[in-house]
2 protein chains.
Amino acid sequence: MKKILVLGAGRSSGALIRYLLDLAPSMGWTIAVGDVNVDAAKQKAGSDSFSQAIYFNIDDNEASVQSIHWSDVVISLLPPPFHPRIAALCLRFGKHLLTASYVSEDMRQLHEQALQRGLLFLNECGLDPGIDHMSAMMILDKIKSRGGIIRSFESFTGGLPETDPDNPWRYKFTWNPKNVVTAGQSTARYKEDGVFKYIPYQQLFRRITQVSVEGSGRYEGYANRDSLKYLGTYGLDHVETMIRGTLRNEGFCEAWDVLVQLGCCDDSYQMENTAELTHAEFLGAFLPRGKNDMVERLKGSTGAGTKVLEKLQWSGFFSNEKVGLIDATPAEVTEHILQKRWAMKTTDRDMIVMWHRFGYTLEGKYHVATASLVVKGDDAEQTAMAKTVGLPLGFAARLLIEGKIRSRGVAIPVLPEFYRPILSDLEAVGISMTEIES
Amino acid sequence: MKKILVLGAGRSSGALIRYLLDLAPSMGWTIAVGDVNVDAAKQKAGSDSFSQAIYFNIDDNEASVQSIHWSDVVISLLPPPFHPRIAALCLRFGKHLLTASYVSEDMRQLHEQALQRGLLFLNECGLDPGIDHMSAMMILDKIKSRGGIIRSFESFTGGLPETDPDNPWRYKFTWNPKNVVTAGQSTARYKEDGVFKYIPYQQLFRRITQVSVEGSGRYEGYANRDSLKYLGTYGLDHVETMIRGTLRNEGFCEAWDVLVQLGCCDDSYQMENTAELTHAEFLGAFLPRGKNDMVERLKGSTGAGTKVLEKLQWSGFFSNEKVGLIDATPAEVTEHILQKRWAMKTTDRDMIVMWHRFGYTLEGKYHVATASLVVKGDDAEQTAMAKTVGLPLGFAARLLIEGKIRSRGVAIPVLPEFYRPILSDLEAVGISMTEIES
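All values reported here derive from a predicted model rather than from experimental measurement. (Residues numbered from 1 in each chain as written. Chains lettered and ligands numbered in written order. Predicted model: local features only at pLDDT ≥ 70, side-chain atom pairs only at ≥ 80, totals over all residues. Heavy atoms only, no water.)

1. Here's the deal with the overall build of chain A
Spelled out, the test is: To qualify as a helix, a DSSP run of H or I must reach at least 4 residues; to qualify as a strand, a run of E must reach at least 2; elements of each kind are numbered from the N terminus. Contact between two residues is taken to exist if any of their heavy atoms lie within 4.5 Å; hydrogens are not considered. Only the protein chains shown count as cover for residues, and all accessible areas are computed by the Shrake-Rupley method using a 1.4 Å probe. Charged residues are defined narrowly, with Lys and Arg counted positive, Asp and Glu counted negative, and His plus the chain ends left uncounted. Throughout, a charge is located at the NZ atom of Lys, the CZ atom of Arg, the CG atom of Asp or the CD atom of Glu.
Across its full length, chain A holds 17 helices and 16 strands. Dimensions along the principal axes, computed over C-alpha positions, put chain A at roughly 75 × 60 × 40 Å. Across chain A, every contact between residues at least 6 apart in sequence was considered, and the portion connecting residues at least 24 apart equals 70%. Put simply, chain A shows about 17800 Å² of open surface, and 47% of that area lies on carbon and sulfur atoms. In chain A, which carries 48 positive and 53 negative side-chain charges, the distance between the mean positions of the two groups comes to 2 Å.

And the structure:
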């Protein structure tokens, strides 16, 4: 009997835990769901004989040791900074570890030890990073196997509200709001036309890539942090263009850029007196002095046009409502204001859009192929985000227990032994890329 | 016989050491100059019987302990990050410490211990911070003593080349080049018209204050990091406007802003392949893709006009010269390119411009007073910067040894017992503010 420990019973855990619970009786698994919030864990774990909720707190050594020692495979949905300590316990007790988080430097350094102990520490096995790696590698390997030489690879993914007709941003917080507000604050690095390129935060939301997804709509993409680190991983060292990024609906970036230019997304210092400020006074604190009213000074300072002003107005940035937060950073105030309109309601549905574009030469001719994925949420628990982040982890856990994954050490799912079965399992639940050759 | 240890024999030490050596015979002082570079220390310390050069390296515990143990008063011109360790040794051996650096949090925490041991740890006693504090406090105290109520205080200081007719920037590195290139990267905080205001890096060089200095010329000022922390120190908690900043010649900020917008001053990551890049390729790495040539894309991306382009061209940003630095950050490459034209030659003279503006009410009327200071360098050693940073430290050391300063603990020179004699000593060497009431 195999014991699977899922760490984290938050909003992205529903689809993963549902999948594991559904399989548990026939596979002979026992599932434990661990969280500092035991009620949340109980609610997700249900009341079957093969499942249990447990208290898990990485800062509580006894609880951590007990739960990890009990398990055979640990799947962690906890925030990335916790993973090195979880990985250390997995090493100590000889347990496999699966996460959807980026491989940190601390995690990378455990590779040799995990390898020696015969353990798999699989990371970046969710949506982005995760399904993006797997779907890209499948297509890249296919092009290469036909003799094609890859020249260019662009990949953008976004989590969006499915529909929200009255919301001019056409965006809501379908994922960690703090991460949305502070996104992009380190320089984006990528390769374009054979040259290494860099976009600082202050230009990021102005250098957008237009993306059109057949049957879904038009989007805009901005570059993610460091696309260069995947050149080697993807076997694309000699590619001329490589960029990974985030998708938003059209018009989002132009308006978000105004908040960036003003400094409203800075999380590095506490503002004075945030409890007493109104929303409008918060925005005004970033505007130059002048005789004109706030909206005129905003236009003069940032060039904000009608469409941008409409979005800021709709979000309440000009309102006289009190912020009411004590000692908050600009990013915290911005998140707080946006939450009032951008929080997902239980009736809201989310969606995921992923888009790859490949340029390659085959028999002397240049070809362009695109592939796209649109996933819609079923309800407030089985969201598109929860399904696409959680199911690849669940499938990987099953394959690992079944002995179908041989990789060990610190890994990401770019090898066929990962992407073939996982993409095939995703297809079976209706999640698959649409490929178009042009 | 009193022993004074000067730490740091770099470019700002000449005037301080000259002053101490001149007084040493009559005062019965012994002067030691300590530096990791003993030759530099020897060159500054000269070969008198009352002076010596010593090896000082804060990472070499024995050398540090020996030199600080030997001294009675330590004056440190070393980079600010070294000061907590130097202060710890001064505490251990019961020595006074004088610096021209900002009071760090680490330094602040030594206040009680220094007080208990009867030691003065005087910081911010150079130019800016230093003479700015002292000259401002003298005028503020004068206005208050006449019954005036301070409404507004603005203060800007800059180190500039005295003349440089062919240089369109009218700027050279008269001070630490790295600090010039990375200046302003944390949000500026100040108070304006009764409201707390914030300027992020991406707006800093666009929100300038026009400054006209009688008899000297027109300048532009941009805000420094955190003006709010001086509200209490200056006794200006209820002031409506308080801003401190840096002065440059007209036209500088507009051009510097283009380098900021592109990301050329980022010191947080290493670029790829900097050894092989040309200057023009370096700049191009920050520009969007496009069919137009680089200058056109630069204009399109940043709005750079003729005057800005002229400055970048003059600095060699469009040249095909190799950068030749290995694994450099953008800031390091920018500094390297700028050094080729902005390094001070031995025939160049520098100058310091300081400007204060005070708004106050007196007998129901609103008054504005300005005060300005222009100091010119004598030669490549007795620069304006070296004189204005070093002499206040020298004067403070003399006053301390003479028993004329009673303050103890971690302090900055905002009390009359500091500013009266030090400003008077400065006036005696021709360094004094010109005050204008309007």
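Read on, since the account is not over.
2. Focus on the interface of chain A and chain B
We apply this condition: The term buried area refers to how much accessible surface (probe radius 1.4 Å) is lost by two components on association, counted for both of them together. Any Lys or Arg side-chain nitrogen located within 4 Å of an Asp or Glu carboxyl oxygen qualifies as a salt bridge. Polar contacts here mean pairs of N or O atoms no more than 3.5 Å apart (in protein, one a potential hydrogen donor and the other a potential acceptor; neighbouring residues in sequence count only if both atoms are side-chain atoms). Each residue gets one label: Ala, Val, Leu, Ile, Met, Phe, Trp, Tyr, Cys and Pro are nonpolar, Asp, Glu, Lys and Arg are charged, and the others, such as Gly, are polar.
Every contact between the two is made by 29 residues of chain A and, on the other side, 29 residues of chain B. Summing the contributions of chain A and of chain B, the shared interface buries around 2700 Å²; its carbon and sulfur component is 44%. The tally of links from chain A across to chain B stands at four salt bridges. If you look at where chain A meets chain B, you find 18 residue pairs in polar contact (both at pLDDT 80 or more). Listed by contribution, the elements that provide at least two residues to the side of chain A that touches chain B are strand 8 (188-192), strand 9 (195-199), helix 9 (201-204) and helix 11 (252-262) of chain A. Grouping the constituent residues of the side of chain A that touches chain B by class yields 12 nonpolar, nine polar and eight charged.

3. Brief notes about the relation of the copies chain A and chain B
Copy one and copy two of the chain differ by a rotation about an axis and a translation along that axis. Heads up, the condition is: All copies are superposed by least squares; the fitting set is the C-alpha atoms of residues with a pLDDT of at least 70 in both.
Each copy of the sequence occupies a distinct position, and chain A is placed on chain B by a rotation of 180° and an axial shift of 0.1 Å, giving an RMSD of 0.1 Å. The relationship between the two copies is best expressed as a two-fold rotation axis. Closest to the rotation axis within chain A is the C-alpha of A:Q202, separated from it by 3.1 Å. Both copies present the same face, since 100% of the interface residues in chain A are matched by interface residues at the equivalent positions in chain B.

4. Quick notes on the pattern of salt bridges
We apply this condition: Burial classes follow relative accessibility: with a 1.4 Å probe on protein chains only, a residue under 20% of its type's maximum area counts as buried, one over 50% as exposed, and anything between as partly exposed.
Taken as a whole and assessed by the stated rule, the structure comprises 50 salt bridges over all chains. A salt bridge links A:D267 to A:K178, with the nearest nitrogen and oxygen atoms 3.2 Å apart. Highlighted residues: A:D267 in the loop between helix 11 and helix 12 (279-284) and A:K178 in helix 8 (residues 177-181), separated in sequence by 89 residues. Two residues, B:R244 and B:D132, come together in a salt bridge whose shortest N-O distance is 2.4 Å. Here B:D132 lies in helix 7 (residues 131-145) and B:R244 lies in strand 12 (residues 241-249), a separation of 112 residues in the sequence. Just as B:R244 is buried, B:D132 falls in that class too. Ionic contacts of the salt-bridge type, sharing partners, join the residues A:E192, A:D193, A:K197 and B:R289 into one network.

5. Things to note about the pairing of strand 2 (residues 29-35) of chain B
Each regular strand shows side chains that alternate between the opposite faces of the sheet. Residues and elements named next belong to chain B. Inclusion rule: Handedness of a crossover is defined as follows: with both strands directed away from the viewer, a clockwise route from the first strand across the helix to the second makes it right-handed. Two strands form a pair only when DSSP identifies at least two bridges running between them.
Extensive coverage of strand 2 is indicated by the burial of seven of its seven residues. Because side chains alternate across strand 2, one face comprises the buried residues W29, I31, V33 and D35, and the other comprises T30, A32 and G34, equally buried. Regarding topology, helix 1 (residues 14-27) serves as the crossover connection from strand 1 (residues 2-7) to the parallel strand 2, and that connection is right-handed. With five bridges joining them, strand 2 and strand 3 (residues 51-55) adopt parallel strand pairing.

6. Quick notes on the sheet that holds strand 3 (residues 51-55) of chain A
All names here are of chain A. Put simply, the rule reads: Axis geometry follows a simple rule: fit a line to the C-alpha atoms, using only the stretch in contact for helices, then measure angles between N-to-C directions, giving values from 0 to 180 degrees.
Sheet architecture is open: seven strands sit in the order 3-2-1-4-5-6-15, paired in parallel fashion. In the strand order of this sheet, the two ends are held by strand 3 and strand 15 (409-411), each with one partner. Across this sheet, the average inter-strand angle for adjacent strands is 20°, counted without regard to direction. Across four bridges, strand 1 (residues 2-7) lies against strand 4 (residues 73-76) in parallel orientation. Counterpart to I4 in the pairing with strand 4 is V73. Docked against the sheet, helix 16 (residues 384-401) engages strand 1, strand 2 (29-35), strand 4, strand 5 (96-99) and strand 6 (120-122), running at close to 160° with respect to strand 5.

7. Some thoughts on helix 11 of chain A
All names here are of chain A. Within helix 11, 10 of the 11 residues are buried, which leaves the element mostly enclosed by the surrounding structure. Of all the positions in helix 11, only F252, C253, A255, W256, D257, V258, L259, V260, Q261 and L262 are classed as buried. Two residues or fewer after helix 11 comes G263, characterised by a positive phi angle close to 95°.

8. Concerning unusual backbone geometry
Residue and element names in this part refer to chain A. Following D128, the chain continues to P129 via a peptide bond in cis, the omega torsion being 15°. Mapped onto the elements, P129 comes out in the loop between strand 6 and helix 7 (131-145). Look at D327: it is not a glycine, yet its phi comes out positive at around 50°. By the secondary structure assignment, D327 is in the loop between helix 14 (306-314) and helix 15 (330-342).

9. Some words on the packing of helix 1 of chain B against helix 16 (residues 384-401) of chain B
All names here are of chain B. To keep things clear, this is the line we draw: The labels follow the angle: roughly parallel below 35 degrees, roughly antiparallel above 145, roughly perpendicular from 65 to 115, and oblique for the rest. By convention the crossing between two helices is left-handed if the near helix lies anticlockwise of the far one by an angle smaller than a right angle, and right-handed if it lies clockwise.
At a minimum axis separation of 7 Å, helix 1 and helix 16 run at an interaxial angle of 30°. Between helix 1 and helix 16, the crossing angle belongs to the class labelled roughly parallel. Between helix 1 and helix 16 lies a crossing whose hand is right-handed. Residues A15, L16, Y19, L20, L23 and M27 of helix 1 form the contact with helix 16, whose participating residues are A386, K387, G390, L391, L393, G394, F395 and R398. Partitioned by chemical class, the residues of the contact of helix 1 with helix 16 number 10 nonpolar, two polar and two charged.

10. Thoughts on the sheet that holds strand 1 of chain B
Residue and element names in this part refer to chain B. In space, the seven strands of this open sheet follow the order 3-2-1-4-5-6-15, with parallel pairing throughout. Bordering the open sheet on either side are strand 3 and strand 15 (409-411), each of which pairs with just one other strand. Strand-to-strand, the axes of this sheet are offset by a mean angle of 20°, without reference to chain direction. Alignment of strand 5 (residues 96-99) against strand 6 (residues 120-122), held across two bridges, turns out to be parallel. If you follow L98 over to strand 6, its bridge partner there is L122.

11. Examining the packing of helix 16 of chain A against helix 17 (residues 416-428) of chain A
Residues and elements named next belong to chain A. At their nearest, the axes of helix 16 and helix 17 sit 10 Å apart, and the two run at 125° to each other. The orientation of helix 16 with respect to helix 17, classified from their angle, is oblique. The hand of the helix 16/helix 17 crossing is right-handed. Across the interface between the two elements, L391, P392, F395, A396, R398 and L399 of helix 16 pack against P421, I422, D425 and L426 of helix 17.

12. What about the confidence of the model for chain A?
Basically, it comes down to this: A score from 0 to 100, pLDDT tells how confident the predictor is in each residue.
The share of residues in chain A with pLDDT of 70 or more is 100%, and the mean pLDDT across the chain is 96. Scored by ipTM, the complex comes to 0.90, with pTM at 0.92.

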